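Fold and geometry: a report
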Amino acid sequence: LNSFIARTNTCGELRSAHVGQEVTLYGWVQYQRQGLFLVLRDFQGLTQIIIPQDEAHSHVKKLLSNAPVESVVRVTGIVSPRPPGQENPKMPTGDIEVKAETAEILNSCKKLPFEIKDFIKKSEALRMQYRYLDLRSFQLQRNLRLRSQTVMRMREYLCNLHGFVDVETPTLFKRTPGGAKEFLVPSREAGKFYSLPQSPQQFKQLLMVGGLDRYFQVARCYRDEGSRPDRQPEFTQIDIEMSFVDQAGIQRLIEGLLQYSWPKEKGFITTPFPSMTYEEALAHYGTDKPDTRFEMKIVDISDLLRRLDIQFVQNALSYPRGTVKSICIPQGVRYLKNKDLESLKESAKSQFNQEIMEVICKPDGSLKSLLTKFLGEEQQSELVRALNMQVDDVVLVAAGEHKQVCSALGSLRLEIADLLEAAGLLLRDPAAFHFLWVVDFPLFLPKEENPTELESAHHPFTAPHPSDTSLLYSDPTKVRSQHYDLVLNGNEVGGGSIRIHSAEQQRFVLEKVLKEDSEVLSHLLEALEFGAPPHGGIALGLDRLISLIVDAPSIRDVIAFPKSFRGRDLMSNAPDYVMPEELEPYHIQVSWPLAEKEAKKS
């Protein structure tokens, strides 16, 4: 850590063994007290510096006593033990102090917009405006260093142990059909634009056609969509592709990769990871990314209620995939207020247009609900047994179309977990890491804006499940894909698939199923005709993965210079206006009349 530079030690490494040594430290003034001592900070830790009080060192005293907080200083002095009783066991360097002999202010700091301390509350906008200051905090320092170490271990595992080749793919490319919206970059050819890739998907497939066999990249990717806590317009993924591999091979590779690169201080992760089909995930958890750290699974009670003459139940079961499902809230009476239950019902109504009915298990074991007037004593007992209800449990019941009901209850399951934890019941251990493979996704889904048309559930290059290949040509809505998602604690941290390596099949999917213009992908289709090997791959979302490992509230806390919620760089104020003459080479004019006026101002 001290090679090539003038310091002898960092501020975090001095111990009792260094007593008596002359050391030179560089760092920032964290704290200064009454001209007696200051605390010097660098990336590794803190060291207490004793300010000399004798006349011979008066210039050192004056310099250090007047140094503003966060000024950069050099201190040379002698390491001494702290006086008995003044040791600080909370500091790794708490047994020693450095008695300053000489010092130099390398750069003085003006008044700060906020204190550089992790426990000081700062608005996120202010933190991002002064990101270079925010980066000095121990938390961000730890996050970025852990990220760096994890990526290095991943490189070792892939390149050194398993023969992967690290290849950089182009950033300027062309539009890809389907998927997220892409950023456009104007060119000097009138009317022609580059597109920033939302992933290196086509390039990594072309590398397999080129015989590279095993590809890996820490890839920058771009999506023109609003930021959310787990999204950024530019993000990083660990991108992987292999030839002659099947789904099980990719899964074992990723399990080994994560086990090898997992930070030791976060414990050991067990492999193989459990696996669940998309249909199972939807039926039991109401989502394709289940948080399996806690139970509260969705239970199907259709058969129990089918024989009852209840109008809303019969209406629901008349749908092609009609169902009645429920979710049991353990000790819901104790932890949830009436306003919480009303809020949950309103949430299901507003987000999913789904009505919810509650059933409460009273202290005497009887049920309280609008539903009970339709249930005899025996049927109530059956319901209690089916849901394993205990006294003070609350059950939420939903009836309707299968996917809508499951999605509504799945969303409520997570809202309920938040409410229960806010009331003091720990459901999701923040130190636990529950990985899960979700497999057998549908290959195509109906378009939201036009349900008679289909779109790729993931992307158009995903191969159909081997058992469903014939259905691709007769009933594509029933085809399962060879896509697989990796889920961690209810968050998707990776996704991949076995790819279509037949030009004929790829053309059929694009033209006949998706109704896309295959000419846009003519280069890829042609490449598949020149002896493309079977291949597959995956991409891990690095930002999201690291944020979960360090328990950060947002991926912005593991990115050095992130964009704001609206996709802006608050530090440099990007994006920004440009002068009209700068747009001329690109044959572009801004039609918004205010733009030119604002550009002239700036």
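Residues numbered from 1 in each chain as written. Predicted model: local features only at pLDDT ≥ 70, side-chain atom pairs only at ≥ 80, totals over all residues. Heavy atoms only, no water.

**Examining the domain arrangement of the protein**
Split by domain assignment, the protein resolves into domain 1 (16–107), domain 2 (140–276 + 434–558) and domain 3 (294–423). One C-alpha centre belongs to domain 1, the other to domain 3; they are set 63 Å apart. (Domains from an automatic or database assignment.)

**Overview of the side chain of Ser554**
The topology assignment puts Ser554 in the loop between α17 (542–549) and α18 (580–583). Owing to a relative accessible area of 6%, Ser554 belongs among the buried residues under this scheme. A polar contact is formed between the side chain of Ser554 and the backbone nitrogen of Arg556, at a distance of 3.0 Å. (Helix = DSSP H or I, 4+ residues; strand = E, 2+ residues; numbered from the N terminus. Buried < 20%, exposed > 50% of the residue type's maximum accessible area, 1.4 Å probe, protein only. Polar contact = N/O pair within 3.5 Å; in protein donor to acceptor, adjacent residues only side chain to side chain.)

**A word on the side chain of Asn9**
Turning to its location among the elements, Asn9 is positioned in the segment before β1 (22–33). Classification of Asn9 as buried rests on a relative accessible area of 8%. In this structure the side chain of Asn9 is engaged in a polar contact, spanning 2.8 Å, whose partner is the side chain of Thr8. Residues in contact with Asn9, not counting those within four places in the same chain, are Asn2, Leu14, His18, Val23, Thr24 and Leu25. (Contact = heavy atoms within 4.5 Å.)

**A few points about empty space enclosed by the protein**
As enumerated under the stated definition, the model contains two cavities of 30 Å³ or more in all. Every residue lining the largest cavity is listed: Met128, Arg131, Phe561, Pro562, Asp569 and Met571. Residues that form the lining of the largest cavity fall into these classes: four nonpolar, no polar and two charged. In this structure, the second largest cavity encloses a volume near 30 Å³. Considering the residues around the second largest cavity, the lining is formed by Arg220, Gln232, Glu234, Ile559, Phe561, Pro562 and Lys563. Broken down by class, the residue content of the lining of the second largest cavity amounts to three nonpolar, one polar and three charged. (1 Å grid on protein atoms, 1.4 Å probe; cavity = no way out; pocket = protein on both sides within 12 Å on 5 of 7 lines; lining within 4 Å. Points joined across faces, edges and corners; volume = space filled by probe spheres on them. Nonpolar A, V, L, I, M, F, W, Y, C, P; charged D, E, K, R; others polar.)

**Details of the pairing of strand β4 (residues 72–81)**
For β4, the buried fraction is high: seven of the ten residues fall into the buried class. One ladder, built from seven bridges, connects β1 with β4; its direction is antiparallel. Across the sheet, Thr24 pairs through a bridge with Thr76, a residue of β4. (Pairing = 2+ DSSP bridges.)

**A look at unusual backbone geometry**
Backbone torsion omega between Thr271 and Pro272 reads -5°, so that peptide bond is classified as cis. Its place among the elements puts Pro272 in the loop between α6 (247–261) and β11 (275–277). Here the residue pair Ala574 and Pro575 is connected by a cis peptide bond, since its omega of 0° sits within 30 degrees of zero. Tracing the sequence through the fold places Pro575 in the loop between α17 and α18. Here the phi dihedral of Asp213 falls at roughly 75°; this positive angle occurs in a residue that is not glycine. Along the chain, the position of Asp213 falls in the loop between α5 (201–209) and β9 (214–222). Among the residues examined, Asp213 registers a relative accessible area of 32% and is labelled partly exposed. Unlike most non-glycine residues, Gln331 shows phi in positive territory, near 55°. Relative to the helices and strands, Gln331 is located in the loop between β13 (322–329) and α10 (332–335). Its relative accessible area of 22% is what places Gln331 among the partly exposed residues.

**A few points about the environment of Tyr130**
Position of Tyr130 relative to the elements: it lies in the loop between α2 (124–129) and α3 (131–134). Under the relative-accessibility criterion, Tyr130 is labelled partly exposed at 24%. Sequence separation between Tyr130 and Arg7 is 123 residues; the distance between their C-alpha atoms is 27 Å. Excluding residues that lie within four positions of it along the chain, Tyr130 makes contacts with Pro113 and Phe114.

**Quick word on the packing of aromatic side chains**
Here the structure, examined in full by the defined rule, presents ten aromatic pairs. Relative to Phe441, the ring of Tyr278 has its centre 5.3 Å away and its plane inclined at 35°; by these criteria the two rings are tilted. One end of the pair, Tyr278, is in helix α7 (residues 278–285); the other, Phe441, is in the loop between β17 (435–439) and β18 (444–446), and 163 residues separate them in sequence. For the pair shown, Tyr278 and Phe441 are each scored as buried. Relative to Phe508, the ring of Tyr473 has its centre 4.6 Å away and its plane inclined at 50°; by these criteria the two rings are tilted. With a gap of 35 residues between them, Tyr473 in helix α14 (residues 471–474) and Phe508 in helix α15 (residues 503–513) connect regions that are remote in the sequence. Tyr473 sits in the partly exposed class, given a relative accessible area of 46%. Owing to a relative accessible area of 21%, Phe508 belongs among the partly exposed residues under this scheme. Each residue in the set Trp262, Phe273, Phe433 and Phe435 is aromatic and connected to the rest through ring pairs, giving one cluster. When the ring centre of Tyr260 is taken as origin, the NZ or CZ atom of Arg153, which lies over that ring, is 4.0 Å away. Lying across the ring of Phe294, Arg428 places its NZ or CZ 5.9 Å from the centre. (Phe/Tyr/Trp six-rings, centres within 6.5 Å; stacked < 30°, edge-to-face > 60°. Lys NZ or Arg CZ within 6 Å of the ring centre and 35° of its normal.)

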